[in-house]
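This is what each chain is made of:
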Amino acid sequence: MNPSSTNTSPYLETAYANDRAHVFHSWSAQGLLNPTVIAGAKGSRMWDEKGNTWLDFASQLVNVNIGHQHPKLVAAIQEQAGRLCTIAPSFANDMRSEAARLIAELAPGDLDMVFFTNGGTEAVENAVRLARGHTGRYKVLSAYRSYHGATGTSIALTGDPRRWGNEPGVPGVVKFWGPYPYRSAFHAKDAAEECERALEHLASVLMVEGPNTVAAIILETVVGTNGILVPPDGYLAGVRKLCDQHGIVMICDEVMAGFGRCGEWFAVDRWKVTPDLITFAKGSNSGYIPVGGVVISRKIADTFKEKVFPGGLTYSGHPLATASIVASIGIFKEEKIVEHAKHLGADVIGPELAKIAARHPCVGEVRGLGVFWCIELVKNRATREPLVPFNASGPAAKPMVELLGACKAKGVWPFVHFNRLQVAPPCTTSDAEAREGLAAIDQALTVADQHVTG
Ligand SMILES: Cc1ncc(COP(=O)(O)O)c(C=O)c1O
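Residues numbered from 1 in each chain as written. Predicted model: local features only at pLDDT ≥ 70, side-chain atom pairs only at ≥ 80, totals over all residues. Heavy atoms only, no water.

1. Focus: the site of the ligand
- Lining the immediate surroundings of the ligand are Gly119, Gly120, Thr121, Tyr147, His148, Gly149, Glu220, Asp253, Val255, Met256 and Lys282.
- Within the backbone of Gly120, a nitrogen or oxygen atom sits 2.8 Å from an oxygen atom of the ligand.
- Separating a nitrogen atom of the ligand from a backbone N or O atom of Tyr147 is a distance of 3.5 Å. (Near = heavy atom within 4 Å. Polar contact = N/O pair within 3.5 Å; in protein donor to acceptor, adjacent residues only side chain to side chain.)

As structure tokens, this is what we get:
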């Protein structure tokens, strides 16, 4: 059966024309766009109106952790829509209360309270607001290799070039280099040395900034879009120690890394580190309804027992969104999805990518965990010159555009950023689907091999 025949939308035929005429898209020069009209999706696959299908190896924007159209999640949203579609945040609501209770139960240490938002960037904005209110300090440190969202403070905290068009940003944001053994900013010879030097560097930045002026250090537990950078063992514990030493709030941004993506409920669980605040969004309900939030430690929450928290959102803890979180967590537990994500990384994706790396001279490094992987492409393995320059666009980005095209032609749609192809299928992807997608990527990489110069 052509899967598109399941879509009976009267707008499907005119979707492309109306998009081009009226939809203003994110992060794009509008005139250069040629979006594919997606007619439907199920599990790990999506298809267009012509019946072309692709394995969704990007989980859209690394958010559809549970897979597309999970019937129980769809049913939970439908049921909640029939019961209560909306209610102001000032009321108590059964689904909001239960979602908060479940998240607090899963979160490490004394992270016991949840402030709900509509997505990741609002989670980051409010985490910073909480840290500033708690410490009475203003400055926030973030990593160059990071993305934290597209609103005022979040985009200023963001290290990647998406920040550039939004500058000058807000005051009080300072950048540091995090660990990245493959392209060490510290000339480290291995991961252990990288960890040690990255922590020394962070301590030096704190020293010259004045640690008692710093409200928070924010970092992605595992850096996502900017390279799937898994921190060396000891790094997060080292940051925790620096924060404790100086009374600084540690914010782990798990908007992308949380809820199964790294084979853990929260990515920090892997290193048994408890930050003061964790931001979440995407995987918490797989984006079926926009939602995000901050999990808050008891001591920070207590700051606001008598003092007013100066923030709020009309849709904070929206019943449809929180009902979908409750259902999603239940499904994750029933179907052992976190465990499956860990298995996919350890037994399927990791080993297959290692074989792919051995076969293709364009592969500089593969790295990742769970269902969060990166193939870093180079022109020359010895010099590690990237396949395309940093932030390449237009003709300079052509090798990556060709590679993405080859992947799509072979039925898999991965996420491509700079010189990296990222493998991030839903956590529910079967072993066979994962192998099928990786085999397609393996074949497509011959296109990139042609650009290898040494
Ligand atoms: C680590 C991280 N933080 C924050 C955000 C922003 O989330 P949103 O796009 O939902 O505002 C993203 C989005 O990709 C992200 O990856």
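2. Here's the deal with the packing of aromatic side chains
- Tallying each qualifying case throughout the model produces 12 aromatic pairs.
- Summarising the aromatic geometry, the rings of Phe259 and Trp265 are spaced 6.5 Å apart at their centres and angled 85° between planes, so their arrangement reads as edge-to-face.
- With a relative accessible area of 3%, Phe259 lands in the buried category.
- Its relative accessible area of 19% is what places Trp265 among the buried residues.
- Connected via pairs of aromatic rings, a cluster forms that spans Phe116, Phe259, Trp265, Phe266, Phe280 and Phe332.
- Between the NZ or CZ atom of Arg162 and the centre of the ring of Trp27, over which it lies, the distance is 5.6 Å. (Phe/Tyr/Trp six-rings, centres within 6.5 Å; stacked < 30°, edge-to-face > 60°. Buried < 20%, exposed > 50% of the residue type's maximum accessible area, 1.4 Å probe, protein only. Lys NZ or Arg CZ within 6 Å of the ring centre and 35° of its normal.)

3. Looking at the side chain of Thr225
- Note on placement: Thr225 falls in the loop between strand E7 (214-220) and helix H8 (235-246).
- Classification of Thr225 by relative accessible area gives buried; the value is 7%. (Helix = DSSP H or I, 4+ residues; strand = E, 2+ residues; numbered from the N terminus.)

4. So, the sheet that holds strand E3 (residues 53-56)
- Strand order in the open sheet formed by 4 strands is E1-E2-E3-E14, and the pairing between neighbours is mixed. The sheet terminates laterally at strand E1 (38-42) and strand E14 (412-413), the two strands that pair on one side only.
- Relative to strand E2 (residues 45-48), E1 runs antiparallel, the two being bridged by 4 bridges. By the bridge assignment for E2, Lys42 is matched with Arg45. (Pairing = 2+ DSSP bridges.)

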